[in-house]
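Now for the letters of each chain:
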Amino acid sequence: MLALDLGTRRIGVAVSDATATLASPAGVVERCGDRSREHARIAGLVDELEAERVVVGMPIGLDGSIGAAATSATEEIAQLAALLAVPVEAVDERFTTVTAHQLLEASGHRSRSRRGKVDAAAAAVMLQVWLDGHGTEDGR
């Protein structure tokens, strides 16, 4: 499994273990202003990691509303789904970035050093929630 946390500057990436039990941060794809290049990099990661599914964070408002960020994410998710040879699924990402910041702070990462890590950590939090909710019976 591969998870993506779509940001304006970076796309956080996380992966699961082979048993689809544990999610781990796997880095970021830097935004370059060329979505096709960014998506080609993601397609390369899907192939390289032999991912069977991609889950992508949907930035739904705390009240459940769909704002500009969610509208943009919906468009990008559709583009990824058309490009990738594996299922692409949108998942609620509320609180993942806050949780990622808290986990990194608790593990001793200073605020300044968290900047590059929080996107991947947020993707890992999101993926872990998805894995916990889907189990391994058919989730892969």
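In this convention, every chain numbers its residues from 1, walking through the sequence in written order. With pLDDT at 70 or above as the cut-off, local features in this predicted model cover only qualifying residues; side-chain atom pairs require 80 or more to be listed or tallied, and sums for whole chains, interfaces and linings still use all residues. Hydrogen atoms and water are omitted, and side-chain values are computed over all heavy atoms in the structure.

Asker: Which residues make up helix H1 (residues 35–49), and what values go with them?
Answerer: A run of DSSP states H or I qualifies as a helix once it reaches four residues; a run of E qualifies as a strand once it reaches two. Both are numbered from the N-terminal end. To estimate the expected span of a helix, subtract one from its residue number and multiply by 1.5 Å. Between its first and last C-alpha, H1 extends 21 Å over 15 residues, near the 21 Å set by a 1.5 Å rise per residue. Each residue is assigned to one of three classes by its accessible area relative to the maximum for its type, calculated with a 1.4 Å probe on protein chains only: buried under 20%, partly exposed between the two thresholds, exposed over 50%. By the burial criterion, the buried members of H1 are Glu38, His39, Ile42, Ala43, Leu45 and Val46. Burial along H1 is one-sided: seen end-on, the buried residues are contained in an arc of 155 degrees. More than 90 degrees from the buried face of H1, the exposed residues found are Ser36, Arg37, Asp47 and Glu48. Pairs of residues are marked as contacts when any of their non-hydrogen atoms sit within 4.5 Å. Summarising the contacts, the buried residues of H1 are in contact with strand S1 (2–6), strand S2 (10–16), strand S3 (23–30), strand S4 (54–58) and helix H2 (68–83). As used here, the arc belongs to the directions running from the helix axis to the C-beta atoms.

Asker: So what's going on with the sheet that holds S2? Which residues, and what values?
Answerer: The strands making up a sheet associate through hydrogen bonds between their backbones, and the pairing can be parallel or antiparallel. Whether two strands pair comes down to DSSP finding at least two bridges between them. As summarised here, the arrangement of the five strands in space is S3-S2-S1-S4-S5, forming an open sheet in which the pairing is mixed. Looking along the sheet, the strands with just one partner apiece sit at the ends: S3 and strand S5 (88–92). Shown here is a sheet whose adjacent strand axes are inclined to one another by a mean of 25 degrees, direction ignored. Pairing of S2 with S3, which is carried by seven bridges, proceeds in the antiparallel orientation. Residue pairing for S3: Gly12 is matched across the bridge by Val28. For helices, the fitted line uses only the C-alpha atoms of the stretch in contact; every axis is such a line through C-alpha atoms, and the angle between N-to-C directions lies from 0 to 180 degrees. Most of the contacts of H1 go to S3, to which it runs at about 150 degrees, and overall it touches S1, S2, S3 and S4. Running at roughly 40 degrees to S2, helix H5 (residues 118–134) makes contact with S1, S2, S3, S4 and S5 of the sheet.

Asker: Before we move on, can you summarise the side chain of Asp119 with the specific residues and values?
Answerer: Structurally, Asp119 can be placed in helix H5. In this structure the side chain of Asp119 is engaged in a polar contact, spanning 2.6 Å, whose partner is the side chain of Arg10. In protein, a polar contact means a hydrogen-donor-capable atom and an acceptor-capable atom, both N or O and within 3.5 Å, with residues adjacent in sequence counting only if both atoms are side-chain atoms; elsewhere, any N or O pair within 3.5 Å suffices.

Asker: Hey, could you go over the nonpolar core for me, with residue numbers and the actual values?
Answerer: One finds Leu2, Leu4, Val46, Val54, Val56 and Leu84 to be the most contacted residues of the largest nonpolar core, which totals 22 residues. Contributing elements (two or more residues each) for this core: S1, S2, H1, S4 and H2. Filtering out sequence-adjacent residues up to four positions away, Leu4 remains in contact with Ile11, Gly12, Val13, Ile42, Val54, Val55, Val56, Gly57, Leu80, Ala123 and Met126. By nonpolar core we mean a set of buried residues, namely Ala, Val, Leu, Ile, Met, Phe, Trp, Tyr and Cys, connected to one another through side-chain atoms within 4.5 Å. Of all hydrophobic cores here, the second largest spans 13 residues; its members include Ala14, Ala20, Val91 and Leu131.

Asker: Explain the pairing of S1 to me, using residue names and the numbers behind them.
Answerer: Looking down a regular strand, the side chains alternate between one sheet face and the other. Burial runs high along S1: five of the five residues are buried. Along S1, one buried face is formed by Leu2, Leu4 and Leu6 and the opposite face, lined by Ala3 and Asp5, is buried too. Pairing of S1 with S4 involves three bridges; the strand directions are parallel. Along S4, the bridge assignment pairs Ala3 with Val55.

Asker: Lay out the pattern of salt bridges with the relevant residues and their values.
Answerer: Put simply, a salt bridge is a Lys or Arg side-chain nitrogen that is within 4 Å of an Asp or Glu carboxyl oxygen. Following the criterion strictly, the structure yields six salt bridges and no others. Two residues, Asp119 and Arg10, come together in a salt bridge whose shortest N-O distance is 2.6 Å. Placement of Asp119 in helix H5 and of Arg10 in strand S2 is noted, with a sequence separation of 109 residues between them. For Glu76, the salt bridge goes to Arg35, with nearest N and O atoms at 3.6 Å. Of the two residues, Glu76 sits in helix H2 while Arg35 sits in helix H1, which places them 41 residues apart along the sequence. Among the ionic contacts, a cluster of salt bridges with common partners joins Arg31, Arg35, Glu38, Glu75 and Glu76.

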